Amino acid sequence: MHAFHSTASNRWTDLIVGLDQPMPVLGGRMVPYINLDNAATTPPLKSVVETVNRFLPYYSSVHRGAGFKSRVSTAAYNDAHDTIARFVGADPRGNTVIFGKNTTEAINKLAYRFPLADDSVVISTEMEHHSNDLPWRARARVVRARVTGDGRLDEDDVDRLLDAYGRRVALLTVCGASNVTGLVQPIHRLARRAHAVGARILVDAAQLAPHRRIDVKPDDDPDHLDYVAISSHKMYAPFGTGALIGRRDTFLSGAPEYQGGGTVEIVTPHDVHWAGLPDREEAGSPNVIGAIAIAAAAQALMEDGMDAITQHEAALTAYAIERLRSLPAVTIYGPSNTGSAVDRVGVITFNVGSIPHALVAAILGYEAGIGVRSGCFCAQQYVMRLLGIAEPDLSRRHREYLAGDRSRKPGMVRVSLGAYNVVEDIDALVAMVERIAQGQYEGQYCVVPETGDYRVAGDEGAAFRIDTTPVS
């Protein structure tokens, strides 16, 4: 058995909100919740919540306000931009930090603002999240580098596409880490290759930022990352903010896609002079609380040390892979050798025999208080490739899905780890998965055809509502 050693686990379990919150499971028992769905959303750091609470008495409008609270809020909002620049190692002289809702909005913004000629080509990959695929389809010809049989990016195919399209390639866009297999991409090596043909690179770092140190490198370095997108809700900070970090010259040319309050310096009946950066790209009243939160989370990650987080998560991932591999009914997707754990963030996808993935996820939640995710994780093309579903079967399932019957939708179960997860979380998961594989679970489950999800027979969901009535 893999020997698990960590110095980060106990420290991080003390830093997270809600880990001691008991949750109901089938039969009326209350158990500590085990969150293994961090790739979707991480729980908040206590320090983030405390920072926001300290700031709230001073919360006010930012920019142009003369009152003390407005000046405090403006300073805090501006400082948040600087913190995120430091978090990724960006030089503010050549780069800007633009706040928005999340990574999806950041990529859509770049797709709107990025200069593309009529014959431009965007190189993507077969492993991308839909958010790093769909926005580019309307702007340019998109070609996708293949993945290998175990889900890795085929770098030779990247080279082939770069050679084939040459100077027509405007952008290479890749995930920093896959939200399906956790595989970490060689982003700096890819940046060097893109720059060699005059292209730029975007890194969707939603899954990378909470797990690995990001260094965009100096602007004149061939390994420089031109654009990076991150989300606070995957970095232990709620309140709905993301950031796009990128070249200033991209956003100083042309008009922003959202126009109005805060984006202008001068408006006449016939002319507009746009504001400087980042103001012109942050239309309307910004999410100041969200900016404070993501900056506080980034600061906490930097202070704790990303290398320590990486080591802890790599060891825990290797342990989880080894434990799951010991179950004969479990199929792991992507590299399944524990030695590959250093090349991936803590994301593991699997299926349990012929048991529907959504049923496995439901049993884990209903009966063990373990939160996981199932489905295609907004990366349908990649998941279908890993599942090896043949075209005739896939087309049939698509027809069923579009007709409203989602009970046979293909997918996987995803376990995703955070810095606070511990070996006991993995042991509880594996014990329950083994019981599921042997049919030793309590509930009678039925599928909801409209969604493809499973629930305990007779449960209409009332037990999953909490009182959100404002305190009088």
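Check the entry above for the structure.
Summarised in this report is the structure supplied together with it. (Residues numbered from 1 in each chain as written. Predicted model: local features only at pLDDT ≥ 70, side-chain atom pairs only at ≥ 80, totals over all residues. Heavy atoms only, no water.)

Moving on, we get to the overall build of the protein chain. Across its full length, the protein chain holds 14 helices and 19 strands. Computed over the C-alpha atoms, the radius of gyration of the protein chain is 23 Å, within 12% of the 23 Å expected from 2.2 N^0.38 for a compact globule of 472 residues. By its C-alpha atoms, the protein chain is 70 × 65 × 50 Å across when sized along the principal axes. Of all 472 residues assigned to the protein chain, the portion counted as buried reaches 52%. Taken together, the 47 basic and 55 acidic charged side chains of the protein chain have centroids lying 3 Å from each other. (Helix = DSSP H or I, 4+ residues; strand = E, 2+ residues; numbered from the N terminus. Rg over C-alpha atoms; globule rule 2.2 N^0.38 Å. Buried < 20%, exposed > 50% of the residue type's maximum accessible area, 1.4 Å probe, protein only. Lys, Arg positive; Asp, Glu negative; His and termini not counted. Charge placed at Lys NZ, Arg CZ, Asp CG, Glu CD.)

Structurally, the position occupied by Thr103 is in helix α4 (residues 103-113). In this structure Thr103 comes out as buried when scored by relative accessible area, which is 5%. One polar contact links the side chain of Thr103 to the main-chain carbonyl oxygen of Ile230, over a distance of 3.3 Å. With near-sequence residues (within four places) excluded, Thr103 lies in contact with Asp204, Ala206, Ala229, Ile230 and Ser231. (Polar contact = N/O pair within 3.5 Å; in protein donor to acceptor, adjacent residues only side chain to side chain. Contact = heavy atoms within 4.5 Å.)

Moving on to the pairing of strand β11 (residues 264-267). Note that β11 and strand β12 (residues 272-274) share 3 bridges and pair antiparallel. Residue pairing in the sheet places Val264 in a bridge with Trp274 of β12. Where β11 folds back onto β12 in an antiparallel hairpin, the turn is made up of 4 residues. (Pairing = 2+ DSSP bridges.)

The 7 strands are arranged β4-β10-β9-β8-β7-β5-β6 in an open sheet whose pairing can be described as mixed. Looking at which strands have only one partner, the edges of the open sheet turn out to be β4 (95-100) and β6 (141-145). Each strand of the sheet is rotated relative to its neighbour by a mean of 20 degrees, with strand direction disregarded. Set on the sheet, α4 makes contact with β4, β8 (200-204), β9 (227-231) and β10 (242-247); between it and β9 the angle comes to about 155 degrees. (Axes fitted to C-alpha atoms, helices over the stretch in contact; angles between N-to-C directions.)

All right, on to the nonpolar core then. Ranked by internal contacts, the top residues of the largest apolar core, which has 86 residues, are Trp12, Ile84, Phe99, Leu225, Ile230 and Ile245. If one sorts the elements of this core by residue count, helix α9 (residues 288-304) sits on top with 12 residues. Grouped together as the second largest cluster of nonpolar side chains are 38 residues, Ile34, Leu364, Ala368 and Val423 included. (Core = buried A, V, L, I, M, F, W, Y, C linked by side-chain atoms within 4.5 Å.)

Each neighbour pair has its own omega, and for Leu277 with Pro278 the value is 5 degrees, a cis peptide bond. Along the chain, Pro278 falls in the loop between β12 and α9. Phi is positive for His63, which is not a glycine, with a value near 70 degrees. On the secondary structure map, His63 appears in the loop between α2 (46-55) and α3 (68-88). For Tyr236, which is not a glycine, the phi torsion comes out positive at approximately 70 degrees. By the secondary structure assignment, Tyr236 is in the loop between β9 and β10.

A few words on the side chain of Ser73. Structurally, Ser73 can be placed in helix α3. Ignoring any residue separated from it by four or fewer positions in sequence, one finds Ser73 in contact with Phe55, Tyr58, Tyr59, Ser60, Ser61, Val62 and Val288.

Below, the discussion takes up the environment of Ile309. Secondary-structure assignment places Ile309 in helix α10 (residues 306-325). The class for Ile309 is buried, based on a relative accessible area of 0%. With sequence-adjacent residues up to four places away left out, Ile309 is seen in contact with Trp12, Pro210, Leu301, Asp304 and Ala419.

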